[in-house]
Amino acid sequence: MSTSAAQFEVPYVQVLDENGNVTNPDRVPSLNDEQLRDLMKRMVFTRIWDQRAIKLARQGRLGFYAPVAGQEASMIGSEFATNKDDFLLPGYRDIPQCYFHGYPLHQLFLYSRGHQLGGKVPDDVHCMIPQIIIGAQIVQTPGVALAFKLRGEKRVAVTYTGDGGTSQGDFYEGMNFAGAMKLPAVFFVQNNQYAISVPRELQTAAQTLAQKAVAAGIPGVQVDGMDILAVYSVMREAVDRARAGEGPTMIEAITFRYGPHTMSGDDPTRYRTQETQEAWEKRDPLIRFRNYLVSKGLWSEQEEQAYIEEAKETINAALKQADETEKMTVPQLIDSMFAEPTQELLRQRAEITGEGAN
Amino acid sequence: MAQMTMIQAITHALDLELARDERVLVFGEDVGHNGGVFRATEGLQKKYGEDRVFDTPLAESGIIGLANGLAVQGFRPVPEIQFFGFVFEAFDQIAGQISRLRYRSAGRFSAPVTIRSPFGGGVHTPELHSDSLEGLFLQTPGVKVVIPSSPYDAKGLLLSAIRDPDPVIFLEHMKLYRSFRQEVPEEEYTIPLGVANVVREGKDATIVTYGAMVATSVKAAEQWSKEKGLEAEVIDLRTISPIDIETIVKSIQKTNRAIVVQEAQRSAGAAAEIVAQINEQAIYHLEAPVLRATPPDTVYPFGMIEDDWLPTPQYIVDTLNKVTSL
Ligand SMILES: Cc1ncc(C[n+]2csc(CCOP(=O)(O)OP(=O)(O)O)c2C)c(N)n1
Ligand SMILES: [Mg+2]
């Protein structure tokens, strides 16, 4: 005899098509006009920031930078659905979410340049330092979420990773802990089709990444990651579920990064074609949402131009602040190893400063 | 003969071994189609096919576990850890598994795996890319640790590592990848593991070092010679586990003074081990305690300050002056 032991489904959600027409009226989130315009502003800001960051990186004025163009809807739409006191555990590419969650822009510049103060997240900003080690933040997420649960706080832990990140054992471990302990967490995967040069098909034989949630016993949803309304809607549902004590969700956003993996020498033409690139650019999140807003009379060309100027000023001011930040010193690094320095560290410090060496 | 950078010498060595031994497999993140993020495996997938040079899913523990399984089945895997800071992800597979296989099975199984990985400072990477973590593997019985300082050595040492019957961690300093070219013979040659190289002769003090600090130490020795008229002997260990203590002792018998220069933070690493072995085997030849010229015991520094943290020629000269004035 053989019957089905269990059956699962992986929903796919889209709200706007490539031209900005509503394809799924039931899922249009209830956002007021100001919120809708805010979503657009944030995407415009992110696109401008990305262009500027790429230029700065080329001039050697930034440090490490992972471009985000193409992924704005996934990034902005998901963060927009969180509360300010929900805690983000981002990866290295998730700089826009950090910024809109309150991480000061000049500190994100400092982070990119490799300055210790880049990681000194202000006390009232509920965000971890962007993670470099792929998967590390995913196993930490249940810990943050358990803290909220133990303290009876209605807060949610939200972590981000990429398609490549879902291959780490840590990815399953994090979801499984959260599922087993029914924790208020959301695992947001930006499937931008590549892990550096390695295409999504080589990462896993699974048909979707979202179905990886099934093995952890939690819901997995796939969403059009170039559609900010769909992303917001799906994320909002996941965050609300978590907040209501109904457990974690995993979201796979289907998206694409237009630029190189990072600004440290990656050449995307080595691993993807011009046609692929162009096909994705047709689904652009900004074009799509702009069309939608224009059709509702909520957005205009002039407004966008004005907003672009504003964004540039914000970026310049942050850059200036980063430039003016004092240089670190090696003794400062030594002092930041422990709450109280060890005897050996004090000795090493003296050796460097020349104060009472040995 | 051809002029090669270290990265070219490494590609060339992999090419020779893939051609020579069918059991050799090369794999890791981005090493197949893309030829590696530093192009160390450029062209190899095209030449040897996707069965022998391939991209893996993104999972370091998976990569080294795969190598372990393949090795048990008679292959000679050469996996890559994209940057050595990611080795923590694979720590159990290396320190808990591969290194112990021969021992646990009384020789029935072994793991002739060569783990290649870029590391090393001065190139302004993000966190956990540049850290010198080799010391962790000096505390791991059953693995050898090799760190070449030049294109010529990289080729000869990599061939030896791949042919070695035991696991070898082969660390490639990023700063050396393209910093200079050197004559590298096209034909096969090996440099035995565990044998140091005296790269500069001198009679007044011995500098024991490895990796990128070899060039920095030679610079310091030249400066010292000019400033003080004293000559430092510079020993490039090439293999830091096991350490070639004989070459060190021989040098100290002549110079009677020694310092150890390492890029890794100070405590409990290669330098500490070298000092301990010198203490055991050459203490009666010493006129002064052996000193360490290393960065302090912090985590590898943030990109903007790494040049202040890494040992400089001046710091090494100061340490030489100190060891000769004691
Ligand atoms: C543990 C670990 N392994 C490898 C890397 C190197 N690395 C950085 S990004 C990356 C690809 C990640 O791909 P994905 O998860 O799809 O995220 P994306 O960069 O596409 O946003 C790799 C292999 C790393 N940072 N950490
Ligand atoms: Mg990706």
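The numbering scheme is per chain: residues are counted from 1 as the chain's sequence reads. Here chains are named by letter from A upward and ligands by number from 1 upward, in the order in which they appear as written. Owing to the predicted nature of the model, reporting of local features is limited to residues with pLDDT of at least 70; listing and counting of side-chain atom pairs is limited to 80 or more, with chain, interface and lining totals taken over all residues. Hydrogens and water are ignored here; the side-chain numbers use all heavy atoms of the structure.

Chemist: So what exactly am I meant to see when it comes to the overall build of chain B here?
Modeler: Helix and strand assignments follow DSSP, with helices taken as H or I runs no shorter than four residues and strands as E runs no shorter than two, numbered in order from the N terminus. The helix and strand inventory of chain B stands at 13 helices and 14 strands. We compute the radius of gyration from the C-alpha atoms alone; for a globule the expected value is 2.2 Å times N to the 0.38, where N is the number of residues. In terms of overall dimensions, chain B is globule-like: its C-alpha atoms have a radius of gyration of 19 Å, near the 20 Å expected for 326 residues. Its C-alpha atoms give chain B principal-axis dimensions of roughly 60 × 40 × 40 Å. When contacts within chain B are restricted to residue pairs at least 6 apart in sequence, those whose partners lie at least 24 apart make up 82%. Here, Shrake-Rupley sampling with a 1.4 Å probe gives the accessible areas, and only protein chains in the shown set may cover a residue. Accessible surface, chain B: about 12300 Å² in total, of which carbon and sulfur atoms supply 51%. Lys and Arg are tallied as positive, Asp and Glu as negative. Neither His nor the chain termini are counted. For charged residues, the charge sits on one atom: NZ in Lys, CZ in Arg, CG in Asp, CD in Glu. In chain B, 30 positive and 43 negative side-chain charges are present, and the distance between their average locations comes to 4 Å. Residue contacts follow a heavy-atom distance rule, with two residues in contact if any of their heavy atoms lie within 4.5 Å.

Chemist: What exactly am I supposed to notice about the pattern of salt bridges here?
Modeler: Think of it this way: side chains of opposite charge can pair up when their charged atoms draw near. Note on definitions: salt bridges are taken to be side-chain nitrogens of Lys or Arg within 4 Å of carboxyl oxygens of Asp or Glu. Following the criterion strictly, the structure yields 40 salt bridges over all chains and no others. The salt bridge involving R113(A) is made with D323(A); its shortest N-O contact spans 2.8 Å. Separated by 210 residues along the polypeptide, R113(A) in helix α4 (residues 105–113) and D323(A) in helix α12 (residues 301–323) bring together distant segments of the chain. Put simply, R270(A) and E42(B) hold a salt bridge, and the shortest N to O gap is 3.3 Å. Here R270(A), found in the loop between β8 (249–254) and α10 (274–281), pairs with E42(B), found in the loop between β2 (24–28) and α2 (44–48), and the two come from separate chains. Look at R270(A) and you get partly exposed, because its relative accessible area is 27%. The classification of residues rests on relative accessible area computed with a 1.4 Å probe and restricted to protein chains. Under 20% of the type maximum is buried, over 50% is exposed, and intermediate values are partly exposed. The class for E42(B) is partly exposed, based on a relative accessible area of 38%. Overlapping salt bridges, with partners in common, bring together D38(A), R42(A), E79(A) and K84(A) in one network.

Chemist: So what exactly am I meant to see when it comes to the nonpolar core here?
Modeler: Generally speaking, soluble globular proteins have nonpolar side chains that are buried together. Only buried residues count toward a nonpolar core, which is a set of Ala, Val, Leu, Ile, Met, Phe, Trp, Tyr and Cys residues joined through side-chain atoms within 4.5 Å. Among the nonpolar cores identified, the biggest contains 84 residues, and I94(B), L237(B), I248(B) and I278(B) are the most heavily contacted of them. Among the elements that take part in this core, helix α1 (residues 6–20) of chain B stands out by supplying 7 residues, more than any other. Sequence-distant contacts of I248(B), defined by excluding residues within four places in its chain, comprise V208(B), I235(B), L237(B), I243(B), I274(B) and I278(B). Within the second largest apolar cluster, 72 residues are counted, among which are L16(A), F109(A), F188(A) and V239(A).

Chemist: What's the story with the site of ligand 1 in this structure? I'm lost.
Modeler: Nearness is judged by heavy atoms alone; a residue qualifies as near a molecule or strand once a single heavy atom is within 4 Å of it. Taken together, 21 residues lie around ligand 1, and Y92(A), R93(A), D163(A), G165(A) and E60(B) are the ones closest in. Of the chains in the model, those with residues near ligand 1 are chains A and B. In the model, an oxygen atom of ligand 1 is placed 2.9 Å from a nitrogen or oxygen of the N192(A) side chain. Here an oxygen atom of ligand 1 and a side-chain polar atom of H261(A) are 3.5 Å apart. Alone, ligand 1 offers 570 Å² of accessible surface; in the complex the protein occludes 95% of this. Any residue that is not Ala, Val, Leu, Ile, Met, Phe, Trp, Tyr, Cys, Pro, Asp, Glu, Lys or Arg is counted as polar, Gly included; the first ten are nonpolar and the last four charged. For the shell around ligand 1, the residue count by class is 9 nonpolar, 7 polar and 5 charged. Identification of polar contacts relies on pairs of N or O atoms within 3.5 Å, with a donor-acceptor requirement for protein atoms, meaning one able to donate a hydrogen and the other able to accept it, and with residues adjacent in sequence counted only if both atoms are side-chain atoms.

Chemist: Before we go on, may I ask you to explain the packing of aromatic side chains in this structure?
Modeler: Each aromatic ring pair is summarised here by two numbers: the centre-to-centre distance and the angle between the ring planes. Residue and element names in this part refer to chain A. Here the aromatic set is Phe, Tyr and Trp, taking the six-membered ring for Trp, and pairing holds for ring centres within 6.5 Å; pairs whose planes are under 30 degrees apart are stacked, those over 60 apart are edge-to-face, and all others are tilted. Here the structure, examined in full by the defined rule, presents 22 aromatic pairs over all chains. Between the aromatic rings of Y194 and F256, the centroid separation amounts to 6.3 Å while the plane-to-plane angle is 80°, which identifies the pairing as edge-to-face. With Y194 in strand β5 (residues 194–195) and F256 in the loop between β8 and α10, the pair connects residues that are 62 residues apart, well separated along the chain. Residue Y194 is classed as buried on the basis of its relative accessible area, which comes to 12%.

Chemist: Sorry, what's going on with the sheet that holds β8(A) here?
Modeler: The strands making up a sheet associate through backbone hydrogen bonding, with each pair oriented either parallel or antiparallel. Residue and element names in this part refer to chain A. Spatial strand order, β1-β7-β8-β4-β3-β2: 6 strands in an open sheet with parallel pairing. The strands lining the two open edges of the sheet, one partner per strand, are β1 (12–13) and β2 (87–89). Note that β1 and strand β7 (residues 220–224) share 2 bridges and pair parallel. Residue V13 lies in a different strand from β7, and its bridge partner there is V223. Sitting on the sheet, helix α6 (residues 169–180) is in contact with β3 (157–162), β4 (185–191) and β8, with an inclination near 150° to β4. Here, a strand pair is defined by DSSP locating no fewer than two bridges between the strands. Note on geometry: axes are C-alpha line fits, over the in-contact stretch for helices, and angles between N-to-C directions span 0 to 180 degrees.

Chemist: Just checking my understanding: could you explain the sheet that holds strand β7 (residues 168–173) of chain B for this structure?
Modeler: Residues and elements named next belong to chain B. Pairing within the open sheet is mixed, and its 4 strands lie in the order β5-β7-β6-β12. Each of the sheet's edge strands pairs with one partner strand only, and the pair in question is β5 (114–119) and β12 (239–241). Geometrically, the sheet is characterised by an average inter-axis angle of 25° between neighbouring strands, direction not taken into account.

Chemist: Please clarify how the state of the cysteines should be interpreted in this entry.
Modeler: Note on terminology: disulfide describes a covalent bond linking the sulfur atoms of two cysteines. All names here are of chain A. Only a pair of cysteine sulfur atoms within 2.5 Å qualifies as a disulfide here. Evaluated as defined, the whole model comprises 0 disulfides over all chains. The thiol of C98 is not disulfide-bonded; the next cysteine sulfur, from C127, is found 3.8 Å away. Here C127 falls in the buried class, since its relative accessible area comes to 4%.

Chemist: In this structure, what is going on with the interface of chain B and chain A? I would like to understand it.
Modeler: Frequently, the measure chosen for interface size is the accessible area removed from exposure when the parts meet. Taken together, the contacts link 35 residues of chain B with 38 residues of chain A. By convention, the term buried area covers the 1.4 Å-probe accessible surface removed from two parts as they join, with the contributions of both added. Taking both sides of the interface into account, the surface hidden between chain B and chain A amounts to around 3000 Å²; carbon and sulfur atoms contribute 59%. Broken down residue by residue, the surface that chain B buries against chain A is led by L58(B), F302(B) and M304(B), which jointly contribute 21%. Counting every contact that joins chain B to chain A gives 3 salt bridges. Notably, a salt bridge pairs D308(B) with K327(A), separated by 2.9 Å at the nearest N-O pair. At the boundary of chain B with chain A, the tally comes to 12 residue pairs in polar contact (both at pLDDT 80 or more). Counting residues per element, the ones that place at least two in the side of chain B that touches chain A are α12 (306–309) and α13 (313–325) of chain B. For the side of chain B that touches chain A, a count of residues per class yields 15 nonpolar, 9 polar and 11 charged.

Chemist: What should I look at first to understand the environment of D163(A) in this one?
Modeler: All names here are of chain A. By secondary structure assignment, the location of D163 is in the loop between β3 and α6. You can call D163 buried: its relative accessible area is 1%. Expressed as a C-alpha distance, the spacing of D163 and Y194, which sit 31 residues apart in the sequence, is 7.0 Å. Not counting the four nearest positions on each side in its chain, D163 is found in contact with V189, Q190, N191, N192, Q193, Y194, A195, R200, Q203 and L209. Side-chain polar atoms of D163 contact the backbone nitrogen of N192, separated by 3.3 Å. A distance of 3.2 Å separates the side chain of D163 from the backbone nitrogen of Y194, its partner in a polar contact.

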